[in-house]
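Chain by chain, the residues:
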Amino acid sequence: QVQLVESGGGLVQPGGSLRLSCVASARIFSLYSMGWYRQAPGKQRELVASITSGGSTNYADSVKGRFTISRDNAKKMVYLQMNSLKVEDTAVYYCNGRLGTIEGGSFGSWGQGTQVTVSS
């Protein structure tokens, strides 16, 4: 069962912007630390940005100053605002994090990914 669903990917020209969204399913009670990862063809999956439950953020050097991760705990959503996009940002972007259940447990989960293509 899919617990995280990403949206917002697409085709954009270099220098453009996109905003990715990730929403947790209804059975999820809360979000703990969350992150966005990406995987380009032929490359390993890499961490792009992460955010703790308290709002502390961390970014890969390649996206610092261009990408912003944020969260809305009430809506159980995580966002990735991507500005000044470059061709090398082209990848499938995945949402990941630790999710809390109503029963009091928690588990890690990945979304299915959303394609971001930066091309002129």
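Residues numbered from 1 in each chain as written. Predicted model: local features only at pLDDT ≥ 70, side-chain atom pairs only at ≥ 80, totals over all residues. Heavy atoms only, no water.

**Points about the nonpolar core**
Nonpolar side chains in soluble globular proteins generally cluster together in the buried interior. We count it as follows: Residue types Ala, Val, Leu, Ile, Met, Phe, Trp, Tyr and Cys, when buried and joined through side-chain atoms within 4.5 Å, form a set referred to as a nonpolar core. Exposure categories follow from relative accessible area, calculated using a 1.4 Å probe and restricted to protein chains: below 20% of the type maximum is buried, above 50% is exposed, and the middle band is partly exposed. In this description a helix means any DSSP run of H or I spanning at least four residues, a strand means any run of E spanning at least two, and both kinds are numbered starting from the N terminus. Note on contacts: a residue pair qualifies if any of its non-hydrogen atoms lie within 4.5 Å across the two residues.
Counting residues in hydrophobic clusters, the biggest one holds 29 residues, and the most contacted among them are W36, L80, M82 and Y93. Elements supplying a minimum of two residues to this core: β3 (18–24), β4 (28–39), β5 (46–51), β7 (67–72), β8 (77–82), β9 (91–101) and β11 (114–118). Not counting residues within four places of it along the chain, the set of residues in contact with Y93 comprises E6, L20, W36, Y37, R38, V48, F67, L80, M82, G113, T114 and V116.

**Some words on the pattern of salt bridges**
Short version of the rule: By definition here, a salt bridge exists when the distance from a side-chain nitrogen of Lys or Arg to a carboxyl oxygen of Asp or Glu is within 4 Å.
Overall, the coordinates contain four salt bridges when judged by the stated rule. D89 is the partner of R38 in a salt bridge, and the nearest nitrogen-oxygen pair spans 2.9 Å. On the criterion of sequence distance, the pair formed by R38 in strand β4 and D89 in the loop between β8 and β9 is long-range, its members being 51 residues apart. Overall, R38 belongs to the buried group, its relative accessible area being 6%. Of the charged contacts in the structure, one is a salt bridge between D89 and R66, with a shortest N-O distance of 2.7 Å. Of this pair, D89 sits in the loop between β8 and β9 while R66 sits in the loop between β6 (57–59) and β7, and the two are 23 residues apart along the sequence. Like R66, D89 is buried. Among the ionic contacts, a cluster of salt bridges with common partners joins R38, E46, R66 and D89.

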